[in-house]
Amino acid sequence: MRIRYGIIGVGGHGRNRHLLPLTKLRDKVEIIAVADINKERCEEVAYQFKIKCYTDYMDMIEKESLDAVSIVTPTGLHSKIAMDVLNKKVNVLVDKPLGSNLDEVLNVVRTAKHKGLKLMVGYWSRFSSALQFGKEIVDKDLLGEPYMAYGYLVRRRGIPGIPTFIDKRLSGGRGALLDIGCYIIDNLLTLLKFRKPISVIGKTYTKFGNKKDEIKFNWGNWDIENFSLEDYATGFVKLEKDISMILEVGWAANVSHAEERSYIRVLGDKGGIEGNGNEAILDISFHGRTDNFLVDMKPVIKKKEDMSYEMVKSFVESVLENKEPPITGYESVILHSIIDGIYKSSEEDREIRIVIPEI
Ligand SMILES: NC(=O)c1ccc[n+]([C@@H]2O[C@H](COP(=O)([O-])OP(=O)(O)OC[C@H]3O[C@@H](n4cnc5c(N)ncnc54)[C@H](O)[C@@H]3O)[C@@H](O)[C@H]2O)c1
């Protein structure tokens, strides 16, 4: 049996990281149509992939009896479109982040649960072998009790100066912390088994996006008068079981590395994990000891990994086999509690207590 599939939003990510990998799953998926408000782009993609084009996603949902869709529009539209789709009884794979804020995320997660539909969040970075190795270390209790997690994801100059990421309505009114901070938090929480946060203190900064002479160093072009999003953020999070988490995220910063770079470290009382990469962790190591020696361990990882393919495949299988997707909406409730907490702490200049809502 094959499921009937549609893609909403076929810009860079929708085309390359959803539609293209879905074409490799022809035995499981019949790709029916794409929907995009950009008519020219929609028609071009539809022609290339020999599928239908709709400029209104609701038209596609009403006419095509789809089993599932990917939502790959700008972030500020994710939750509204997800709600519309779920209310028509269609399963959804929503690209990261699931919404602009916790309230939006809760609405989507509760609706999917109430309707008994599959909801998966598109963190392709979860399918990195390096991160999977880290998970195995944790599952086999080689880390022991974790007590400290540090996450860094910073670009030297990478403000994405196109409306999708910096127009307030499209970006969800938030900048680097929401756009790429969600990756580093997701990577750390994956290794911490999504332990609940208790309190957050944080600060956001706008240091580059509001300066005209910075535009040439970054990506795209924008009106500095209308730029009010943060391009840097820091956070200190206390999690259950005495775990500290420190975060540093930036679209732009005066650092030495030219390319986007991430670094994670999780310390436990038996061992520690360190990882590097970009939005995904690509290289990882474990540090522990035997009776008489300190030991370092590294997995052998294939050079080329198709994480987007693994992401769409696992979603499709969860729909076909009626099983829980590997990246759940509830995990996003925890993740967005932290993100909202950092914004609130920065605005109100105080520590924010966090209580995870019931779903
Ligand atoms: N670019 C990346 O590397 C990347 C990586 C990971 C995740 N993402 C996520 O994917 C999403 C899209 O990013 P992108 O880089 O593809 O942006 P993009 O601007 O290239 O594409 C967005 C597409 O959505 C379409 N769209 C806008 N409103 C719509 C609507 N109401 N109905 C249907 N289509 C609509 C636009 O016309 C456009 O084609 C974002 O949420 C982003 O966070 C992007």
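The structure presented is a predicted model; accordingly, all values stated were derived computationally and were not measured. Along each chain, residues carry numbers from 1 onward, in the same order as the chain's sequence is written. The model is predicted, so local features are restricted to residues of pLDDT at least 70 and side-chain atom pairs to those at 80 or more, both for listing and for counting; the totals for chains, interfaces and linings are taken over all residues. Side-chain numbers come from the whole structure's heavy atoms, not from hydrogens or water.

J.: For this particular structure, what's the right way to read the state of the cysteines?
T.: Working definition: the covalent bond between the sulfur atoms of two cysteines is a disulfide. When two cysteine sulfur atoms are found within 2.5 Å, that pair is recorded as a disulfide. Within this structure, the stated rule accounts for 1 disulfide. The side chain of Cys 42 participates in a disulfide bridge whose partner is Cys 53; the two sulfur atoms lie 2.5 Å from each other. Across the disulfide from Cys 42 to Cys 53, rotation about the S-S bond amounts to roughly 125 degrees, and the bridge is consequently right-handed. Here Cys 53 lies in strand E3 (residues 52-54) and Cys 42 lies in helix H2 (residues 39-49), a separation of 11 residues in the sequence. To sort residues, take the accessible area from a 1.4 Å probe on protein chains only and compare it with the maximum for the residue type: under 20% means buried, over 50% means exposed, and anything in between is partly exposed. What makes Cys 42 buried here is its relative accessible area of 0%. Secondary structure elements are taken from DSSP: a helix is a run of H or I of four residues or more, a strand is a run of E of two residues or more, and numbering for both begins at the N terminus.

J.: Could you clarify how one ought to interpret the pattern of salt bridges in this entry?
T.: Side-chain pairs of opposite charge can arise whenever the charged atoms involved come near each other. What makes a salt bridge here is a side-chain nitrogen of Lys or Arg within 4 Å of a carboxyl oxygen of Asp or Glu, nothing more. Summed over all chains, the structure comprises 23 salt bridges. Between Asp 283 and Lys 298 there is a salt bridge, with its nearest N and O atoms 2.9 Å apart. Of this pair, Asp 283 sits in strand E15 (residues 281-289) while Lys 298 is found in the loop between strand E16 (294-297) and helix H11 (307-320), placing the two residues 15 residues apart along the sequence. Measuring nitrogen to oxygen at the nearest pair gives 3.7 Å for the salt bridge that ties Glu 317 to Lys 313. On the criterion of helical spacing, the pair formed by Glu 317 and Lys 313 is a turn pair, its members being 4 residues apart in helix H11. One salt-bridge network, in which partners are shared between bridges, spans Arg 4, Lys 52 and Glu 64.

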